[in-house]
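# Per-entry structural report
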Amino acid sequence: MLAVPGMASLLGVSLLARTAITASGMALTMYVVLGLDMSYAAAGGAAAAMTTGLALGGPLLGRMIDRRGARIVLLITVVVQVACWLSVAVLPYTTLLAAAFVAGLLMVPVPTVTRQAIAAMTKAGQRRAAFALEAVQGELSYMVGPPIVILCAAQLPSGMVAWGVGAAIVVGGAGIALLNPPLRAADEAPPGPADRPRRQEWLGPRMIAVLVMAFGATIVLNGTDLAIVATLKEAGQASWAAVVVAVYGAASIVGGLLYGALPRPLPTWLLLGLLGLVTIPAGLAHDWRWLCVAGCGAGLLAAPTLSALSDAVSRLAPASVRGEATGLQSSALGAGFALGVPIVGGAIDTSGPAGGFAAAGLAGLAAALMGWLLSRRSPTRTRSVCSDPGLIATSDTR
């Protein structure tokens with residue numbers, strides 16, 4: 001897979017930037033709690049402001065990339081990140097909320113650019129394996145980024161840790177701008193403004209199905225993390241939470257690599273449905289060992305589900321709007337992460353940790369069912385080149 005020219009460099013720099021972006025919310029949390037000596041609720045407000053900005057900024061930046069190209073958007077967002085993160089340690093809390101929102105709104109669009117570049121740089125037979133590697137990259141960033149911030153915050157001033165995270169975001173974004181990866185394949189000519197299709201022409205039932213499933217997938221993943229912590233806290237084994245989450249992440253990486261090597265893809269709705277289904281019985285585990293076993297089963301399906309979502313978006317979106325479509329995917333993923341905590345947290349408060357696993361799994365099943373139903377609403381006069389068997393398309397959207 002890495003024999004594709006430029007792919008190794010792109011994924012390497014992207015991993016640095018994505019790890020820092022993933023850690024940015026934790027860096028803000030540590031700064032508010034340790035640097036400003038405020039409550040975790042106040043820290044949650046800062047993280048929520050950044051998350052809101054991320055959700056709103058995804059489609060906006062994607063549309064800008066479609067019109068102006070990746071390099072100019074990357075450089076603009078890098079400059080904004082420099083200003084935001086340099087000012088973090090000198091701002092009062094209320095102003096910090098505004099800065100966090102702006103930092104999220106104009107966050108360096110690393111996932112959007114990376115996914116577009118993968119679609120452009122690979123051939124049809126390579127694309128699924130490449131997106132599997134991209135999903136594995138995302139798992140690594142979640143496994144590495146926040147723990148590093150927590151460890152550093154225990155040894156260094158929290159303001160310095162925030163600056164370090166901001167510096168890594170800036171370096172990663174500048175590195176991708178320097179690489180300037182192609183966003184369209186050689187046979188996809190840069191379109192003029194008149195060639196841009198209307199949104200209703202590509203944002204139809206099939207694309208909405210993918211966005212719904214992206215939303216559901218991240219509710220499952222974020223909700224599972226919360227339910228793991230609740231289970232171990234109830235069992236008096238909270239210190240083992242990091243081990244269980246690490247096992248889940250490792251299983252996801254293995255699953256992503258295995259999925260990328262399969263000769264044929266599986267339907268996205270089926271992968272998500274299975275992920276939700278195997279998550280529910282994890283509520284029967286009452287200590288860290290059995291949670292590790294349950295995490296292996298669910299983790300094997302996590303990265304394959306995420307990679308199938310990215311592959312589907314790349315195939316359903318015409319090249320001229322692929323940035324906006326990928327931005328919408330990022331927003332759907334972010335919304336799922338943001339809402340996973342209150343949805344699953346409410347279930348845990350009502351019926352205990354087992355209810356949290358059940359709520360997360362049922363959310364995945366519901367999203368899979370809705371995605372399957374939406375994909376079947378498409379007319380059947382023509383089949384698309386989309387390789388996802390769960391998304392039968394109507395015409396060649398390329």
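Residues numbered from 1 in each chain as written. Predicted model: local features only at pLDDT ≥ 70, side-chain atom pairs only at ≥ 80, totals over all residues. Heavy atoms only, no water.

## Some words on the side chain of threonine 112
Inspection of the secondary structure assignment puts threonine 112 in helix H5 (residues 110-121). With relative accessibility at 5%, the residue threonine 112 sits in the buried group. Sequence-distant contacts of threonine 112, defined by excluding residues within four places in its chain, comprise Gly62, Ile65, Gly323, Thr326, Gly327 and Ser330. (Helix = DSSP H or I, 4+ residues; strand = E, 2+ residues; numbered from the N terminus. Buried < 20%, exposed > 50% of the residue type's maximum accessible area, 1.4 Å probe, protein only. Contact = heavy atoms within 4.5 Å.)

## Topic: the packing of helix H2 (residues 40-68) against helix H3 (residues 70-87)
Where H2 contacts H3, the two axes come as close as 8 Å, and the packing angle between them is 150°. Judged by the angle between their axes, H2 and H3 are roughly antiparallel. In this structure, H2 contributes Met50, Leu61, Met64, Ile65 and Arg68 to the contact, and H3 contributes Ala70, Ile72, Val73, Thr77 and Trp85. Per-class residue counts for the contact of H2 with H3 are eight nonpolar, one polar and one charged. (Axes fitted to C-alpha atoms, helices over the stretch in contact; angles between N-to-C directions. Parallel < 35°, antiparallel > 145°, perpendicular 65-115°, else oblique. Nonpolar A, V, L, I, M, F, W, Y, C, P; charged D, E, K, R; others polar.)

## As for the packing of aromatic side chains
Per the counting criterion, the structure on display carries two aromatic pairs. The interplanar angle of 5° and the centroid separation of 4.0 Å between the aromatic rings of tryptophan 240 and tryptophan 288 together place this pair among those described as stacked. Of the two residues, tryptophan 240 is situated in the loop between helix H9 (205-234) and helix H10 (241-261) and tryptophan 288 in helix H12 (residues 288-316); the sequence distance between them amounts to 48 residues. Judged by its relative accessible area of 34%, tryptophan 240 falls in the partly exposed class. Classification of tryptophan 288 as buried rests on a relative accessible area of 17%. Ring geometry for tryptophan 269 versus tryptophan 372: centroids 6.2 Å apart, planes at 55°, classification tilted. In this pair, tryptophan 269 is assigned in helix H11 (residues 268-279) and tryptophan 372 in helix H14 (residues 353-376), connecting sequence segments 103 residues apart. (Phe/Tyr/Trp six-rings, centres within 6.5 Å; stacked < 30°, edge-to-face > 60°.)

These figures come from the coordinates and say nothing about function on their own.
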